[in-house]
Amino acid sequence: MTIEQVLNQQIANWNVLYMKLHHFHWYVKGPHFFTLHAKFEELYGEAAATIDEFAEQLLSIGGNPISTLKESLQLATIEEASEKLTAEEMVQVVVKDFSLIIDELKTGMEVAEQNNDDVTSDMFLALVGKLSKHNWMLQSFLNA
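Computed from a predicted model, the values in this text were never measured in an experiment. Each chain carries its own residue numbering, running from 1 in the direction its sequence is written. Given that the model is predicted, a residue must reach a pLDDT of at least 70 before its local features are reported, and side-chain atom pairs must reach 80 or more before they are shown or counted; all residues, however, enter totals for whole chains, interfaces and linings. Each side-chain value is derived from all of the structure's non-hydrogen atoms; neither hydrogens nor water enter the calculation.

Q: Help me understand the overall build of the chain, please; the structure alone is not making it clear to me.
A: Summing up its helical and strand segments, the chain has 5 helices and 0 strands in all. Reading the chain from its N terminus to its C terminus gives the helix and strand order α-α-α-α-α. Relative to the globule expectation of 15 Å for 144 residues, the C-alpha radius of gyration of the chain, 15 Å, shows essentially globular dimensions. The principal-axis extents of the C-alpha atoms in the chain amount to approximately 50 × 30 × 20 Å. Buried residues are those whose accessible area, probed at 1.4 Å on protein chains only, stays under 20% of the maximum for their type, while exposed residues exceed 50% and partly exposed ones sit between those limits. Considering the chain as a whole, with its 144 residues, one finds that 44% of them fall into the buried category. Helix and strand assignments come from DSSP, with helices taken as H or I runs of at least 4 residues and strands as E runs of at least 2, each series counted from the N terminus. The globule rule used for comparison is 2.2 Å times the number of residues to the exponent 0.38, while the radius of gyration itself is calculated over C-alpha atoms.

Q: Help me out: how do you make sense of the environment of Ser99 in this one?
A: Its location among the elements puts Ser99 in helix H4 (residues 87–114). With a relative accessible area of 30%, Ser99 lands in the partly exposed category. Along the backbone, Ser99 and Ala49 are 50 residues apart, and their C-alpha atoms lie at a distance of 19 Å.

Q: Just checking my understanding: could you explain the packing of H4 against helix H5 (residues 118–142) for this structure?
A: Geometrically, a packed helix pair is captured by the angle between its two axes and the distance between the axes. Two elements in contact, H4 and H5, have axes separated by 9 Å at closest approach and are oriented at 160 degrees. Judged by the inter-axis angle, H4 sits roughly antiparallel to H5. Relative to H5, H4 is oriented so that their crossing is left-handed. Each residue is assigned to one of three groups, with Ala, Val, Leu, Ile, Met, Phe, Trp, Tyr, Cys and Pro labelled nonpolar, Asp, Glu, Lys and Arg labelled charged, and all others, Gly among them, labelled polar. Of the residues in the contact of H4 with H5, the class split is 17 nonpolar, 9 polar and 3 charged. Between N-to-C directions, angles cover 0 to 180 degrees, with each direction set by a line fitted to C-alpha atoms, over the stretch in contact for helices. An angle below 35 degrees is treated as roughly parallel, one above 145 as roughly antiparallel, one from 65 to 115 as roughly perpendicular, and anything else as oblique. Handedness of a crossing follows from how the near helix is turned relative to the far one, being left-handed for an anticlockwise turn of less than a right angle and right-handed for a clockwise one.

Q: How should a negative patch on the surface be read in this particular structure?
A: A surface patch of negative charge is lined by Glu110, Glu113, Asp118 and Asp122. For the negative patch, the secondary structure elements donating two or more residues are H4 and H5. Relative to the elements of secondary structure, Asp118 occurs in helix H5. Patch definition: residues with relative accessible area over 30% and no salt bridge; like charges joined within 9 Å; nonpolar side chains (Val, Leu, Ile, Met, Phe, Trp, Tyr) joined within 5 Å. Where accessible areas are quoted, they stem from the Shrake-Rupley method and a 1.4 Å probe; at the residue level, only the protein chains shown are allowed to cover. Whenever Lys or Arg places a side-chain nitrogen within 4 Å of a carboxyl oxygen from Asp or Glu, that contact is recorded as a salt bridge. In this count, Lys and Arg are taken as positive residues and Asp and Glu as negative ones, while His and the chain termini are left out. To locate a charge, the coordinates of NZ of Lys, CZ of Arg, CG of Asp or CD of Glu are taken.

Q: Help me understand unusual backbone geometry, please; the structure alone is not making it clear to me.
A: Negative phi is the rule for most residues except glycine; trans is the rule for most peptide bonds. Within the chain, Asn116 stands out as a residue other than glycine whose phi angle is a positive 55 degrees. Within the secondary structure layout, Asn116 lies in the loop between H4 and H5.

Q: How should I be thinking about H5 in this particular structure?
A: Owing to its 3.6 residues per turn, the α-helix brings residues three or four apart onto one side. The span you would expect from a helix comes to 1.5 Å times its residue count less one. Between its first and last C-alpha atoms H5 spans 36 Å; for 25 residues at 1.5 Å apiece the expected length is 36 Å, and the two agree. Those residues of H5 that sit buried are Thr120, Ser121, Met123, Phe124, Leu127, Val128, Leu131, His134, Asn135 and Leu138.

Q: Would you explain empty space enclosed by the protein in this entry?
A: Where empty space is left becomes clear once a probe the size of a water molecule has been rolled over the atoms. Both cavities and pockets are sets of points on a 1 Å grid over the protein atoms alone; in a cavity a 1.4 Å probe fits but cannot get out, in a pocket the set is open with protein on both sides within 12 Å along at least five of seven lines, and lining residues sit with an atom within 4 Å of a point. Grid points are joined across faces, edges and corners, and a volume is the space filled by probe spheres set on the points. Within this structure, the stated rule accounts for 1 cavity of 30 Å³ or more. In this model, the largest cavity occupies a volume close to 40 Å³. What lines the largest cavity is Trp14, Leu43, Glu46, Thr50, Phe98, Leu127, Lys130, Leu131 and His134. Listed by contribution, the elements that provide at least two residues to the lining of the largest cavity are helix H2 (33–60) and H5. Examining the composition of the lining of the largest cavity, we find that 4 residues originate from one element, H5, more than from any other. The residue makeup of the lining of the largest cavity, split by class, is 5 nonpolar, 2 polar and 2 charged.

What follows is the structure in structure tokens.
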């Protein structure tokens, strides 16, 4: 796998995740509505920034970032949102998606390091830290 492939897969995942988080933001219901409505908005804002950072990094190293929903759906390893989920199920899905992305970022770090691309590796490492913290908080919410 090349750095361009790794970055494009992440761009795809984050595009799908951006839409999924919007979906959850709009459709969350129940006693945790206010908490989760705000959290999902925070997370889709982070997703948008992540997409841009990865695309700009890919451009800076001479690559071509994917830029259509069709390409994102073809390359993504995470799935689109399901129609009818409870608030807790939505949080479980986000934890699952973040866990998958963490694993892929760790693999991406290895690819970047093999290609002497410290900048991309550092970007992936920083995101692993952020997602690990999000997962800890979301899992704490689920275990309350």
